[in-house]
Amino acid sequence: MKYDFKNIEKKWQDRWDKENAFAASDDYSKKKYFALVEFPYPSGQGLHVGHPRSYTALDIIARKRRMEGYNVLYPMGWDAFGLPTENFAIKNHIHPSVVTEKNVARFKSQLKSLGLSFDWSREINTTDPDYYKWTQWIFIQLFKKGLAYKKEMSVNFCTSCKCVLANEEVVNGVCERCGSEVVHKVKSQWMLKITEYAQRLIDDLADVDFIERVKTQQINWIGRSVGAEVDFGTTAGDKITIFTTRPDTLFGATYMVIAPEHALIEQWKDKLTNYDDIIAYREEAAKKSDFERTELVQKDKTGVRLEGVRAVNPVNGKEIPIFVSDYVLATYGTGAIMAVPAHDTRDWDFAKRFDLPIIEVVAGGDVNKEAFTDTETGKMVNSDFLNGLEVSEAKTAVIKWLSDKGIGKQKVNFKLRDWVFSRQRYWGEPIPLVYCEKHGWVPVPESELPLRLPNVESYEPTDNGESPLSSVADWVNTTCPICGAPAKRETDTMPQWAGSSWYFLRYCDPHNKTALASKEALKYWMPVDWYNGGMEHTTLHLLYSRFWAKFLYDIDILDTKEPYAKRTSHGMILGSNGEKMSKSRGNVVNPDDIVNELGADTMRLYEMFIGDFEKSAPWSETSIKGCKRFLERVFGMTELVKDEGVSEKLDIPFNKTIKKVSADIEDMKFNTAIAALMALTNDIYDNGSLTKDEMQTFITLLCPFAPHLCEEINELLGGKDLLSLSKWPEFDESKTKDNEVEIGVQINGKLRSTVKIAVDCDKDTALKLAKGDEKIKAFIDGHDIIKEIFVPGRIINIVVK
RNA sequence: GCAGGUGUGGCGGAACGGUAGACGCGCCGGUCUUAGGAACCGGUAUCUUCGAUGUGCAGGUUCAAGUCCUGUCACCUGCACCA
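Just so you know, these numbers come straight off a predicted model, no measurement behind them.

Looking at RNA strand B, there are 64 residues lining it, with N167, Q189, Q496, I610 and E742 nearest. For RNA strand B, the fraction of protein-proximal atoms (within 4 Å) that sit in sugar or phosphate groups is 63%. In the environment of RNA strand B, a sugar or linking oxygen lies 2.6 Å from a nitrogen or oxygen atom belonging to the side chain of N220. Contact distances for RNA strand B include 3.0 Å between a base nitrogen and a side-chain N or O atom of R794. The biggest single contributor to the surface near RNA strand B is helix α22 (residues 670–687), with five residues. Here the residues of the surface near RNA strand B are counted per class, giving 24 nonpolar, 22 polar and 18 charged.

Here's what the structure looks like:
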């Protein structure tokens, strides 16, 4: 019989669909399991072979959980707002909603062809007004709690297109589209106070099961550092407040640096004799991103000395110069630093370049050669009342001294910045606020949500950098919800991150008209039990959605502080040349082709077999054929099924395999789980026959990986019910070990021979057997045995002299 | 620059500190065939056989190191308006 995957796959997909086999039940008395994958952005290119890696992995988890008796929620949806759709729409003069609809249809049919067990009755789409109604509702709650505020922020602005650009659209400082110069322009933007949650976002990581590198990356991104805020006096009379993690080195501060955007520059306009130079420098700096700044600084430190104002070091009253330099970022700390060249590498480089004094205050290095940054070993010197103290003692002492004088205090600082929430774009959720001359910013009444995107003729960016919505007069002009006076709507839209920050909650109760989801549904389904996604989402999406979940917890919508109990990550699938797949490299593999030529089961199996799930792996057109061959062998195995007269030789291999596959799936070691099934297949073919029960066990184990084929074989064996909803096999622990093992015998740590011994063999017997071995004898004879090591079931090592 | 990660045969990758290379691909040989780019069987780390050498490189800890420690090199990913 031929393995006709095309018909088999179609047949079972239709049946699963018809029977709604994978729909999650609303019976909240059952034990639940919520498996989640990041919902895709439905791009015009269609599904990428990378998508199914994550989807298949959690599909396997979801399928296994169903077989273990859980009520499983494994949903899918569309994160459909976004820049590429908008740009495509502008270029081709098609409305973004039309583009989105088309892309979603394609994605959906592609996903369906893979036999993924999603509950399609819970499909969601972030661009659906019934969905974004609740995105807007959450924003209003944030606004009401004071967590949304307006702030002047610099944005990328193309001087030729006259529009605001995303960082991504800026390539080497010029506009990606027209190649013109991009400058930073200050604009008033909506911000969300994620920083208010910084500490909790760190602390609560202790309670969740995230892979370690995700945790560390989040912690580093939030970037908590304990230091001090210190006020420096100036000859102009104003103070400069700085943040430092090294208050202990205060006596070594020989100059100060403020960010080019620092407010004091304007304040000192009349006192600064070189004001023009400073402004020119600021304009140069404005062309660079923060990233470029810190990078370029490394190669070539730049800066301008402020002429006319000097600072005063509060610990010793000495006057020191002030510089502006772009290695100090306005967005971190206070936008001003004290520079201690002896003990900070960047300050040291800058001091060398501008020929500034370097004063050692921690002994232990040679500050003429390089900055000494060790905080563990040194003792304080040249520091008056701190002399002789350890660095850590000096920190405490100086903070006490500063706070006694009222010019400084301990301060916890975070690298994390507030979330810029405004976009000057059409294709996003309208921000549901109205500006009234009398009442300021007023939220749209909740009864009027969703605030729909107006259907406009032109959704192209305006030439003044405002959102396209600003040109829709009858939408912009409205009345104040409080006083009824004429008022204007906010025309900025939300970033794509908004819809994806809470989508998993909507899956719990996707058709609810009166709440984002019912309290009962959220209580039952949340938290997500297992969330898999890409490492590239670790610092943004994962942090943003944790922030929103915490906020919703605070306002009593959610019962759990953390949205995700467990987070894992998959590696990228690269092109066959080992490079990232991209059109320009010409190494893109289309999943449709694979499904057509080799079948969905082969595709699924290969993506799981390709390598370590967490690491990236190159696609191979030849390797995938090995997976097809394996499935054909499995199909062929049905001819080896015998009703009677079958030996029990396969007992141990089967029990071993059930144990290994069960454990490997939990550890996401899909590649070794499949390898074990392949090895078992080899055993079965060597054996020449197997029982019907064994065949049944085999297909049950393989079912999560290759569900269509296994359903088909199940039916051939006489099964009427869906194999996908049958019971996961159990194993007999006592039958998972062979009675006899072959273990290595080493002499001085080098393998010299092997011996076969019983599994429960004791040390004396084992060593006796080993010493009886001809090869071993030759190594022992004439030598003294110093030590004998025996690790049961593993190794014998005899140390001789 | 900052942060995170990776490095093992010809290739993808396996290895609770305990026989390095499971499983698969590829390759070599064979069987069957008019034919094979099908299927099946056997072999396959390197070196000149005995034996020795092998997990990016250099040290260290240990009876024993791919695995632990120190240093070093190379490559990959993210960096806040891409998703």
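Right, let's talk about the pattern of salt bridges for a bit. Scanning all chains against the criterion turns up 46 salt bridges. One salt bridge connects E666 with R65, and the closest N-O pair in it is separated by 2.8 Å. Pair noted here: E666 is in helix α21 (residues 651–666) and R65 is in helix α2 (residues 51–67), with a separation of 601 residues, a long-range link. Classification of E666 by relative accessible area gives partly exposed; the value is 25%. Given a relative accessible area of 8%, R65 falls into the buried group. The salt bridge involving K144 is made with E446; its shortest N-O contact spans 3.1 Å.

Another point: the sheet that holds strand β25 (residues 530–534). The sheet built from five strands is open, its strands ordered β2-β1-β25-β26-β10 with parallel pairing. Pairing within the sheet leaves two strands with one partner each, and these edge strands are β2 (71–73) and β10 (209–210). Strand direction decides the pairing type here: strand β1 (residues 32–37) and β2, joined by three bridges, are parallel. The residue bridging Y33 from the neighbouring strand is V72, located in β2.

Turning to the environment of L329, a few remarks are in order. Note that L329 resides in the loop between β17 (322–324) and β18 (336–339). Residue L329 is classed as buried on the basis of its relative accessible area of 18%. Separated by 67 residues in sequence, L329 and H262 have C-alpha atoms that sit 9.3 Å apart.

What follows concerns the sheet that holds strand β20 (residues 419–420). Overall, antiparallel pairing links the four strands, which are arranged β6-β5-β9-β20 in an open sheet. The sheet terminates laterally at β6 (163–165) and β20, the two strands that pair on one side only. Judged from the eleven bridges that link them, strand β5 (residues 148–158) and strand β9 (residues 182–192) form a sheet pairing that is antiparallel. When the sheet's bridge partners are listed, Y149 is paired in β9 with M191.

Let us look at the nonpolar core. Within the largest apolar cluster, 169 residues are counted, with the highest numbers of intra-cluster contacts made by L702 and F705. With nine residues, helix α5 (residues 129–144) is the largest single contributor of residues to this core. Of all hydrophobic cores here, the second largest spans 42 residues; its members include F232, L272, I322 and V324.

Bringing the environment of K669 into the picture now. Mapped onto the fold, K669 is located in the loop between α21 and α22. With relative accessibility at 39%, the residue K669 sits in the partly exposed group. Placed 462 residues apart in sequence, K669 and D207 show a C-alpha to C-alpha distance of 24 Å.

This part takes up a nonpolar patch on the surface. Together, F88, I94 and V98 give the surface a local cluster of nonpolar side chains, amounting to about 230 Å² of exposed area. Looking at where V98 falls in the secondary structure, it is placed in helix α4 (residues 96–112).

This next bit is on the side chain of S569. Its place among the elements puts S569 in strand β26 (residues 566–570). From its side chain, S569 meets the backbone nitrogen of M535 in a polar contact 3.3 Å long. Excluding its chain neighbours within four sequence positions, the residues that come into contact with S569 are I211, N532, G533, G534, M535, F613 and E614.

A word on the packing of α2 against α21. The contact between α2 and α21 brings their axes to 10 Å, and the two run at 125°. Here α2 lies oblique to α21, going by the angle between them. Handedness of the α2/α21 crossing: left-handed. Each of I60, I61, K64 and R65 in α2 lies in contact with α21, whose residues at this interface are S662, I665 and E666. Among the residues making up the contact of α2 with α21, the classes are represented as three nonpolar, one polar and three charged.

In this section: the state of the cysteines. For the structure on display, the rule yields zero disulfides. Distance from the sulfur of C483, which forms no disulfide, to the nearest cysteine sulfur (C480) is 3.7 Å. With no disulfide of its own, C710 has C703 as its nearest cysteine by sulfur position, at a separation of 5.2 Å. C710 gets classed as buried once you look at its relative accessible area, which sits at 0%.

With an omega of 0°, the peptide bond between L449 and P450 qualifies as cis. In this structure, P450 sits in the loop between β22 (440–443) and α13 (473–476). A cis geometry characterises the amide bond from M526 onward to P527, with omega recorded as 0°. Within the secondary structure, P527 sits in the loop between α16 (519–525) and β25. Non-glycine residue D556 carries a positive phi angle of around 75°. In this fold, D556 is placed in the loop between α17 (541–554) and β26. With relative accessibility at 52%, the residue D556 sits in the exposed group.

Analysis parameters
- Residues numbered from 1 in each chain as written.
- Chains lettered and ligands numbered in written order.
- Predicted model: local features only at pLDDT ≥ 70, side-chain atom pairs only at ≥ 80, totals over all residues.
- Heavy atoms only, no water.
- Near = heavy atom within 4 Å.
- Polar contact = N/O pair within 3.5 Å; in protein donor to acceptor, adjacent residues only side chain to side chain.
- Helix = DSSP H or I, 4+ residues; strand = E, 2+ residues; numbered from the N terminus.
- Nonpolar A, V, L, I, M, F, W, Y, C, P; charged D, E, K, R; others polar.
- Salt bridge = Lys/Arg side-chain N within 4 Å of Asp/Glu carboxyl O.
- Buried < 20%, exposed > 50% of the residue type's maximum accessible area, 1.4 Å probe, protein only.
- Pairing = 2+ DSSP bridges.
- Core = buried A, V, L, I, M, F, W, Y, C linked by side-chain atoms within 4.5 Å.
- Patch = residues over 30% accessible without salt bridge, like charges linked within 9 Å, V, L, I, M, F, W, Y side chains within 5 Å.
- Areas by Shrake-Rupley, 256 points an atom, 1.4 Å probe, with all protein chains shown as cover.
- Contact = heavy atoms within 4.5 Å.
- Axes fitted to C-alpha atoms, helices over the stretch in contact; angles between N-to-C directions.
- Parallel < 35°, antiparallel > 145°, perpendicular 65-115°, else oblique.
- Left-handed = near helix turned anticlockwise from the far one by under 90°.
- Disulfide = S-S within 2.5 Å.

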